[in-house]
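# Per-entry structural report
Listed below, chain by chain, are the residues.
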Amino acid sequence: MRPMLGISVDDGEVCAVLVDADVPSLGPFDSQRGFGTPGDTPAEAAAAAASTMAERAAAASLTLSAAAVVTGPENDDDAEPVTEAVRAVLGIDVDTVLLDEARLAFLAGAPELAELPILALHTRTYGVESASMVDVPSRTVLSTVSPDGDEFGPYTQSLPEAMDEAVARAGTSPDAVV
């Protein structure tokens with residue numbers, strides 16, 4: 001088993017997962033969210049996450065082999081301090097991965113989607129929802145549509161309309177919706 005730590009800094013929340021690098025498709029074998037104390041910077045909360053998850057791995061007689069921090073576009077300024085804080089706690093190399101790259105890598109690694117190269121993807125990042133068309137094998141976003149300042153409601157017509165627009169802009173139909 002090669003345990004890897006993933007830390008996500010998303011919309012003011014820090015989440016962490018431990019995954020076996022040899023069988024990542026099994027998903028995390030441990031996870032936790034909500035690190036740090038009120039008023040902590042994202043770097044301080046991420047350092048607390050790294051410390052907690054390293055202790056949990058050690059309690060299971062495991063040593064972390066790698067770590068990565070996932071940040072979204074609204075955390076661009078925090079990405080480097082967060083990565084450095086996690087690196088300082090763990091003492092190993094820590095990669096920084098952008099949220100969209102992480103989403104595309106996840107889709108590319110999902111065995112149930114292996115035969116479905118073009119996907120319609122509904123995402124929500126920092127309260128902004130979007131409908132996108134993605135080419136999974138090339139990890140390319142073909143088109144993205146977001147309603148102007150409106151979140152998609154669960155039963156409104158805006159999501160289907162946005163998805164129709166994303167399909168039209170991409171010039172291709174999806175094999176599945178995720």
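Preceding this paragraph is the structure being described.
Reference entry: report on the structure contained in this document. (Residues numbered from 1 in each chain as written. Predicted model: local features only at pLDDT ≥ 70, side-chain atom pairs only at ≥ 80, totals over all residues. Heavy atoms only, no water.)

### Concerning the layout of surface pockets
The volume enclosed by the largest pocket comes to roughly 1100 Å³. Taken together, 30 residues make up the lining of the largest pocket; nearest its centre are V17, V19, V70, A102 and F106. Counting only elements with at least two residues in the lining of the largest pocket, the list comes to β1 (3-10), β2 (13-20), β3 (28-33), β4 (66-71) and α3 (99-109). A volume near 270 Å³ is recorded for the second largest pocket. If you trace the second largest pocket, you find 16 residues lining it, with D100, R103, T123, S130 and T144 closest to the centre. Those elements giving two or more residues to the lining of the second largest pocket turn out to be α3, β6 (118-125), β7 (128-135) and β8 (140-145). For the lining of the second largest pocket, the leading source of residues is β7, giving five residues. Looking at side-chain class alone, the lining of the second largest pocket contains seven nonpolar, six polar and three charged residues. (1 Å grid on protein atoms, 1.4 Å probe; cavity = no way out; pocket = protein on both sides within 12 Å on 5 of 7 lines; lining within 4 Å. Points joined across faces, edges and corners; volume = space filled by probe spheres on them. Helix = DSSP H or I, 4+ residues; strand = E, 2+ residues; numbered from the N terminus. Nonpolar A, V, L, I, M, F, W, Y, C, P; charged D, E, K, R; others polar.)

### Here we look at the nonpolar core
Counting residues in hydrophobic clusters, the biggest one holds 24 residues, and the most contacted among them are L5, I7, V14, A16, V86 and L90. For this core, the secondary-structure elements that each account for two or more residues are β1, β2, α1 (42-59), β4 and α2 (76-90). When residues in this core are grouped by element, the largest group, eight residues, is from α1. In terms of nonpolar packing, the next biggest core, distinct from the first, is built from nine residues, L107, A110, L113 and A176 among them. (Core = buried A, V, L, I, M, F, W, Y, C linked by side-chain atoms within 4.5 Å. Buried < 20%, exposed > 50% of the residue type's maximum accessible area, 1.4 Å probe, protein only.)

### Some details on α1
Its 18 residues give α1 an end-to-end C-alpha distance of 26 Å, which sits within 8% of 26 Å, the value for a rise of 1.5 Å per residue. Of the residues making up α1, those classed as buried are A43, A45, A46, A47, A49, A50, M53 and A57. In the core, the buried residues of α1 are packed alongside β1, β2, β3 and α2. Residue S61 follows α1 closely and has a positive phi angle near 60°. (Expected span 1.5 Å × (residues − 1). Contact = heavy atoms within 4.5 Å.)

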